[in-house]
Amino acid sequence: MNQFISVGDVPSVPRIVETALDYKKNPFKDKGLGENKTLGMIFLNPSLRTRLSTQVAARNLGMEVVVFNIDKEGWALEMNDGVVMNGNTTEHVKEAAAVMGQYFDIMAIRTFPGLKNKEEDYTEKYINQFIKYAGRPIVSLESATLHPLQSLTDVITIKERWQQPRKPKVVMTWAPHVKALPQAVPNSFAEWMNAWDEVDFVITHPEGYELDPKFAGQAPVIYNQEEALEGADFVYVKNWSNYNDYGKITCTDESWMITNERLRNTNNASVMHCLPVRRNVVIADEVLDGPQSIVIPQAGNRVWAAQAVLSEILKHQ
Ligand code: CP
């Protein structure tokens with residue numbers, strides 16, 4: 001593997017899940033793999049889990065890690081080619097990415113969408129400029145449209161918890177939010193669920209909140225949340241802003257918040273969320289603090305996902 005931007009970069013989902021779960025049992029078994037190698041983590045946006053879990057993962061593999069909050073500590077970056085740089089940007093990504101590529105063996109980038117220009121966001125202009133100019137393997141720490149480290153974590157979490165011979169029913173549900181959020185997590189979760197042949201996957205959201213069909217694929221979409229949740233084994237909760245009326249909030253229906261009552265007809269479903277989560281807006285306290293929530297162990301698994309990804313890249317360097 002020489003980059004990790006989407007599920008398409010992974011030769012085998014079951015194999016990388018197995019690698020991650022092996023690291024969970026024995027975190028330091030490949031301590032020598034990253035010796036004398038440096039991971040550069042470049043942030044254009046905030047993070048708690050992705051930043052910390054990837055640092056821990058890299059260190060478990062013996063790597064050095066440098067974290068650079070380029071949005072706050074670096075020069076203002078120009079991302080467009082061929083522009084006259086007589087405005088507010090100081091350094092072109094052509095030089096910035098290429099220079100960082102001189103310092104690091106692997107580069108990991110977090111860059112959110114602007115949610116103003118669908119075409120710009122969905123062509124993944126920012127992360128693609130790093131891929132083009134860094135000359136090093138690039139790992140997405142969440143890009144404009146996808147969050148593959150989160151989704152690999154989610155697959156690992158479902159895999160380790162599901163012990164029955166039948167496929168689990170996994171329902172991804174939209175939930176309300178006060179801010180317009182990216183579609184990256186739900187796009188990515190749908191993409192990974194569709195690529196992984198071990199679940200029955202259903203999506204539920206208000207009408208009009210359809211995701212890009214490229215990621216939603218053939219997954220059934222049910223507009224009635226209660227109906228969709230019936231018999232669910234896992235409920236994956238996430239808000240996203242409208243993809244069609246791009247970046248807008250077109251539904252504020254609070255009844256989509258996940259409560260114990262909403263989970264009543266599930267199969268005692270485990271409740272997942274990528275975090276951070278707004279309590280009593282997206283998911284009620286009673287659920288997050290109750291026995292069905294697995295959001296903390298889910299976040300814990302971020303380490304093993306990142307470690308599996310970094311190890312696959314290191315093995316091919
Ligand atoms: N889930 C997730 O990516 O969390 P952070 O934004 O805190 O990294």
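A quick note: this is a predicted structure, and the numbers were derived from the prediction, not measured. (Residues numbered from 1 in each chain as written. Predicted model: local features only at pLDDT ≥ 70, side-chain atom pairs only at ≥ 80, totals over all residues. Heavy atoms only, no water.)

## Thoughts on unusual backbone geometry
Next up, step 1: In the segment running from Leu 275 into Pro 276, the intervening peptide bond is cis, with an omega of 0 degrees.
Next up, step 2: By the element assignment, Pro 276 lies in the loop between strand E11 (270-272) and helix H11 (285-288).
Next up, step 3: The backbone phi angle of Leu 115 is positive, close to 60 degrees, even though this residue is not glycine.
Next up, step 4: Along the chain, the position of Leu 115 falls in the loop between strand E5 (106-110) and helix H5 (118-122). (Helix = DSSP H or I, 4+ residues; strand = E, 2+ residues; numbered from the N terminus.)

## Looking at the sheet that holds strand E1 (residues 38-43)
Next up, step 1: One open sheet holds the 4 strands; their spatial order is E2-E1-E5-E6, and the pairing between them is parallel. Strands with a single pairing partner mark the edges of an open sheet, and in this sheet they are strand E2 (64-68) and strand E6 (138-140). Along the sheet, successive strands turn relative to each other by an average axial angle of 20 degrees, direction set aside.
Next up, step 2: Pairing of E1 with E2, which is carried by 5 bridges, proceeds in the parallel orientation. Among the inter-strand pairings, Leu 39 is bridged to a residue of E2, identified as Val 65. (Pairing = 2+ DSSP bridges. Axes fitted to C-alpha atoms, helices over the stretch in contact; angles between N-to-C directions.)

## A few points about the domain arrangement of the chain
Next up, step 1: Assigned domains of the chain: these are domain 1 (7-146 + 301-315) and domain 2 (150-299).
Next up, step 2: Its C-alpha centre places domain 1 at a distance of 25 Å from the equivalent point of domain 2.
Next up, step 3: Taken together, the contact pairs 27 residues of domain 1 with 33 residues of domain 2.
Next up, step 4: Between domain 1 and domain 2, roughly 2500 Å² of surface is buried when both sides are summed, and carbon and sulfur atoms account for 66% of that area.
Next up, step 5: When the buried area of domain 1 at its contact with domain 2 is split by residue, Leu 115, Tyr 122 and Asn 301 rank highest and sum to 27% of it. (Domains from an automatic or database assignment. Contact = heavy atoms within 4.5 Å. Buried area = accessible area lost by both parts, 1.4 Å probe.)

## Observations concerning the site of the ligand
Next up, step 1: Contacts to the ligand come from Ser 47, Leu 48, Arg 49, Thr 50, Arg 110, His 147, Gln 150, Cys 274, Leu 275 and Arg 302.
Next up, step 2: Ser 47 is positioned with one of its side-chain polar atoms (N or O) 2.7 Å from an oxygen atom of the ligand.
Next up, step 3: Note that an oxygen atom of the ligand is positioned 2.7 Å from one of the side-chain N or O atoms of Thr 50.
Next up, step 4: If you map the ligand onto the pockets, it falls in the largest pocket. (Near = heavy atom within 4 Å. Polar contact = N/O pair within 3.5 Å; in protein donor to acceptor, adjacent residues only side chain to side chain. 1 Å grid on protein atoms, 1.4 Å probe; cavity = no way out; pocket = protein on both sides within 12 Å on 5 of 7 lines; lining within 4 Å. Sits in = over half its atoms within 2 Å of the grid points.)

## Description of helix H6 (residues 125-134)
Next up, step 1: Among all positions in H6, only Lys 125, Ile 127, Gln 129, Phe 130, Tyr 133 and Ala 134 are buried.
Next up, step 2: Two residues or fewer past H6, Gly 135 is found with a positive phi of approximately 70 degrees. (Buried < 20%, exposed > 50% of the residue type's maximum accessible area, 1.4 Å probe, protein only.)

## Notes on empty space enclosed by the protein
Where empty space is left can be seen by rolling a probe of water-molecule size over the atoms.
Next up, step 1: Evaluation of the coordinates by the stated rule reveals 1 cavity of 30 Å³ or more.
Next up, step 2: Of the pockets and cavities examined, the largest cavity occupies roughly 50 Å³.
Next up, step 3: What lines the largest cavity is Met 1, Val 10, Pro 11, Ser 12, Arg 15, Ile 16 and Glu 312.
Next up, step 4: Of the residues in the lining of the largest cavity, the class split is 4 nonpolar, 1 polar and 2 charged. (Points joined across faces, edges and corners; volume = space filled by probe spheres on them. Nonpolar A, V, L, I, M, F, W, Y, C, P; charged D, E, K, R; others polar.)

## Brief notes about the pattern of salt bridges
Next up, step 1: Summed over the entire model, instances satisfying the criterion amount to 14 salt bridges.
Next up, step 2: Taking the shortest distance from any N to any O, the salt bridge between Lys 159 and Glu 198 comes out at 3.1 Å. With Lys 159 in helix H7 (residues 148-161) and Glu 198 in the loop between helix H8 (184-195) and strand E8 (200-204), this pair connects stretches of sequence that are 39 residues apart.
Next up, step 3: Residue classification places Lys 159 among the partly exposed positions, given a relative accessible area of 37%.
Next up, step 4: For Glu 198, a relative accessible area of 28% gives the class partly exposed.
Next up, step 5: Salt-bridge contacts for Glu 312 lead to Lys 315; the nearest nitrogen and oxygen are separated by 3.8 Å. (Salt bridge = Lys/Arg side-chain N within 4 Å of Asp/Glu carboxyl O.)

## A look at the UniProt feature "binding site: N(2)-succinyl-L-ornithine" (unreviewed entry) in the chain
Next up, step 1: The UniProt record marks Glu 142, His 177, Lys 238 and Arg 278 with the feature "binding site: N(2)-succinyl-L-ornithine" (unreviewed entry), using the residue numbering of this structure. Within the annotated group, the residues that form the lining of the largest pocket are Glu 142, His 177, Lys 238 and Arg 278.
Next up, step 2: Turning to its location among the elements, Lys 238 is positioned in strand E10 (residues 234-238).
Next up, step 3: Using a relative accessible area of 8% as the deciding quantity, one classes Lys 238 as buried.
Next up, step 4: Not counting the four nearest positions on each side in its chain, Lys 238 is found in contact with Thr 173, Trp 174, Ala 175, Leu 181, Val 185, Pro 186, His 273 and Cys 274.
Next up, step 5: By secondary structure assignment, the location of Arg 278 is in the loop between E11 and H11.
Next up, step 6: Beyond its immediate sequence surroundings of up to four residues, Arg 278 is in contact with His 177, Val 178, Lys 179 and Ile 283. (UniProt positions renumbered as here; feature names shortened; annotations may be inferred.)

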